[in-house]
Amino acid sequence: MDRLIVTGASGLLGSNLVETLKYRFNILGTYGNNPVRFKGAKTARLDILSGTDVEGAIRHFSPQAIIHCAAETRVDFCEDHPEEAFRINEEGARIVASASARHGVRVIYISTDSVFDGARGGYREQDDPHPLNVYAKSKLAGEKAVTARCDNPLIVRTNIFGWNVQPRLTLAEWVFQSLSEGGRIPGFTDILFSPLLVNDLARMIGDLMNGKLKGIYHVGARDRSSKFDFARAIARLFGMSEEAVFPSRAGDASFKAMRPRDTSLDVTRVTEALGAPMPTIAEGLERFKKLREEGFVERLRSSRIPEGG
């Protein structure tokens with residue numbers, strides 16, 4: 001099997017990538033401050049801001065590719081800490097890309113739908129990005145750093161939901177937990193997106209890699225939803241009260257960072273590349289529920305090494 005390094009293996013996408021692709025690739029999953037251990041894959045601590053660390057990992061493991069997931073994704077944190085956001089999301093990407101280029105290792109860079117301003121939605125790969133907040137600006141800078149240093153990078157712009165290896169809840173998990181505890185939660189009616197189940201994204205990344213594809217690909221659901229409708233769909237799916245999700249507006253919330261209103265993606269290019277339609281949001285949510293029923297969540301979270309463990 002091809003050898004593959006996944007940075008950020010202690011995060012939402014990285015952990016699910018390792019769990020999904022470890023049957024297809026020989027994987028080294030790397031982490032920063034949150035150690036993880038996966039059955040059937042190797043793991044190691046790696047400082048993506050250290051060229052020496054990255055070079056050492058590449059020389060030791062000799063991968064054919066690196067999927068660079070490690071990032072600072074807390075949007076409001078990035079707004080308050082722009083230097084750190086750019087250090088991790090741009091400089092980290094530059095260091096990984098530079099080391100990979102020197103060793104002839106392919107880079108798959110995970111970006112975000114937030115590089116667009118959300119003025120209209122349905123964004124295609126050739127549309128000009130116009131990020132509104134520090135997080136999105138730093139991720140776009142990471143795209144450019146990778147593209148400038150690698151001959152054949154694959155840039156994946158996406159928006160994901162799923163079960164997280166860490167205690168930090170994703171949107172879908174927060175909705176599920178809040179409603180399970182009998183709470184009432186707001187759902188933004190003025191934010192539209194086309195989120196993809198993280199496990200589906202992981203599988204698609206493996207397929208795109210096998211196809212030796214390069215350039216930018218928008219990978220998301222083939223439809224779009226407001227966050228309000230997304231939350232109500234979760235309530236309905238799990239047999240909880242839809243009325244517990246009440247309509248709200250992001251424009252009225254006290255976010256530090258601006259949020260784009262419609263970041264839905266045109267997935268024509270990836271659909272043609274993979275020869276299969278992208279899932280709908282409803283199909284992704286059905287699999288989200290099935291993963292919980294099959295015990296996947298417990299298996300995933302058992303990969304997290306407790307502090308001092």
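See the structure above.
How each quantity is defined
- Each chain carries its own residue numbering, running from 1 in the written order of its sequence.
- With the structure being a predicted model, the display of local features is reserved for residues of pLDDT at least 70 and the display and counting of side-chain atom pairs for 80 or more, all residues being used for whole-chain, interface and lining totals.
- With hydrogens and water set aside, each side-chain value is computed from the structure's full complement of heavy atoms.
- Here, a salt bridge means any side-chain nitrogen of Lys or Arg that lies within 4 Å of a carboxyl oxygen of Asp or Glu.
- The numbering of helices and of strands both runs from the N terminus, where a helix is a DSSP run of H or I of at least 4 residues and a strand a run of E of at least 2.
- Buried, partly exposed and exposed residues are distinguished by accessible area as a fraction of the type maximum, computed with a 1.4 Å probe on protein chains only: under 20%, between the cut-offs, and over 50%, respectively.
- Whether two residues touch is decided by their heavy atoms; if any such pair falls within 4.5 Å, the residues are in contact.
- Two strands qualify as a pair provided that DSSP identifies no fewer than 2 bridges between them.
- In this analysis, axes come from line fits to C-alpha atoms, helices being fitted only over the stretch in contact, and the angle between any two N-to-C directions falls in the range 0 to 180 degrees.
- Residues adjacent in sequence count toward polar contacts only when both atoms are side-chain atoms; beyond that, a polar contact is any pair of N or O atoms within 3.5 Å, and within protein one must be able to donate a hydrogen and the other to accept it.

> Just checking my understanding: could you explain the pattern of salt bridges for this structure?
Between side chains of opposite charge, a pair can form as their charged atoms come close. Overall, the coordinates contain 22 salt bridges when judged by the stated rule. Salt-bridge contacts for Arg301 lead to Glu173; the nearest nitrogen and oxygen are separated by 2.5 Å. Of the two residues, Arg301 sits in helix α11 (residues 296-301) while Glu173 sits in helix α6 (residues 171-180), which places them 128 residues apart along the sequence. Judged by relative accessible area, which is 31%, Arg301 ranks as partly exposed. Each of Glu55, Arg59 and Arg102 takes part in salt bridges that share partners, so that together they form one network.

> When you look at the environment of Ala221 in this model, what are you seeing that I'm missing?
Considering the arrangement of structural elements, one finds Ala221 in the loop between β11 (215-219) and β12 (225-226). Taking the C-alpha atoms as reference, Ala221 lies 9.2 Å from Ala282; in sequence the two are 61 residues apart. Residue contacts for Ala221: discarding those within four places in its chain leaves Ser194, Pro195, Leu196, Val267, Met278, Pro279, Thr280 and Ile281.

> Explanation requested: the sheet that holds strand β2 (residues 26-31) in the structure shown.
Hydrogen bonding along the main chain pairs the strands of a sheet, whether they run parallel or antiparallel. Here seven strands make up an open sheet; going across it, the order is β3-β2-β1-β4-β5-β6-β11 and the pairing parallel. Every interior strand has two partners, whereas the edge strands, β3 (42-45) and β11, have only one. The mean inter-strand angle of the sheet, taken between neighbouring strand axes irrespective of direction, is 20 degrees. Relative to β11, strand β6 (residues 154-158) runs parallel, the two sharing five bridges. What sits directly across from Val156, in β11, is Tyr217. Sheet contacts for helix α7 (residues 198-210): β1 (3-7), β4 (65-68), β5 (106-112), β6 and β11; angle to β5, the most-contacted strand, approximately 145 degrees.

> So what exactly am I meant to see when it comes to the environment of Arg149 here?
Here Arg149 lies in helix α5 (residues 134-149). Taking relative accessible area as the criterion, Arg149 reaches 34% and is therefore assigned partly exposed. With residues up to four places along the chain from it excluded, the contact list for Arg149 reads Arg94, Ala97, Ser98 and Ala101. A distance of 3.1 Å separates a polar side-chain atom of Arg149 from the backbone oxygen of Ala145.

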